[in-house]
Amino acid sequence: MESVIFSSPYILCGYAVALVLSVVAVAKKTGFALTAISLFIFAATSTYALISGATLTEVSVCAVVFFIIYLIPAWRGRGDK
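In this text the structure is predicted, and so the values were computed from the model without any measurement.

Considering the confidence of the model for the protein chain
Line of reasoning, step 1. On average, residues of the protein chain score 89 in pLDDT, and 93% of them reach the 70 mark or higher.
Line of reasoning, step 2. When mean pLDDT is taken per element in the protein chain, helix H3 (residues 32-52) scores highest with 94 and helix H4 (residues 56-77) scores lowest with 88.

The following block contains the structure:
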């Protein structure tokens, strides 16, 4: 079975742009605007991937990566509590 995400350059570039924006937003603590743009690009790319025939498993693996990136600051900020 061939991956739809890896075979389509538009989907791959969409996820890459959203990933870079989310890493920059988390690293630089830029605020809500860059995070919202990243989430919008992720949602649009995921919708396009599902319409193009990607399985829910493929899209959910990408979603888990984004969730982990956005949870890192909460995990680091906790300290020893």
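Details of the environment of Ser22
Line of reasoning, step 1. Tracing the chain through its elements places Ser22 in helix H2 (residues 9-28).
Line of reasoning, step 2. In this structure the C-alpha to C-alpha distance between Ser22 and Leu34, which are 12 residues apart in sequence, comes to 7.5 Å.
Line of reasoning, step 3. Setting aside its immediate chain neighbours within four residues, Ser22 contacts Ser38, Phe66, Ile69 and Tyr70.

Notes on a nonpolar patch on the surface
Line of reasoning, step 1. A cluster of nonpolar residues, Leu19, Val23 and Val65, forms a patch on the protein surface that exposes about 200 Å² of accessible area.
Line of reasoning, step 2. If you trace the backbone, Val65 turns up in helix H4.
Line of reasoning, step 3. Owing to a relative accessible area of 39%, Val65 belongs among the partly exposed residues under this scheme.

Considering H3
Line of reasoning, step 1. In a regular helix each residue adds 1.5 Å, so 21 residues correspond to 30 Å; H3 covers 30 Å between its end C-alpha atoms and thus fits that length.
Line of reasoning, step 2. Within H3, the full set of buried residues consists of Thr35, Ser38, Phe42, Thr45, Ser46 and Ala49. Relative to the axis of H3, the buried residues are bounded by an arc of 105 degrees and lie together on one face. Pointing more than 90 degrees away from the buried face of H3 are the exposed residues Phe32, Ala33, Phe40 and Ile51.
Line of reasoning, step 3. Positive phi shows up at Gly53, right after H3, with a value of about 110 degrees.

Conventions and cut-offs
Residues numbered from 1 in each chain as written. Predicted model: local features only at pLDDT ≥ 70, side-chain atom pairs only at ≥ 80, totals over all residues. Heavy atoms only, no water. pLDDT = per-residue confidence, 0-100. Helix = DSSP H or I, 4+ residues; strand = E, 2+ residues; numbered from the N terminus. Contact = heavy atoms within 4.5 Å. Patch = residues over 30% accessible without salt bridge, like charges linked within 9 Å, V, L, I, M, F, W, Y side chains within 5 Å. Areas by Shrake-Rupley, 256 points an atom, 1.4 Å probe, with all protein chains shown as cover. Salt bridge = Lys/Arg side-chain N within 4 Å of Asp/Glu carboxyl O. Buried < 20%, exposed > 50% of the residue type's maximum accessible area, 1.4 Å probe, protein only. Expected span 1.5 Å × (residues − 1). Arc of directions from axis to C-beta.

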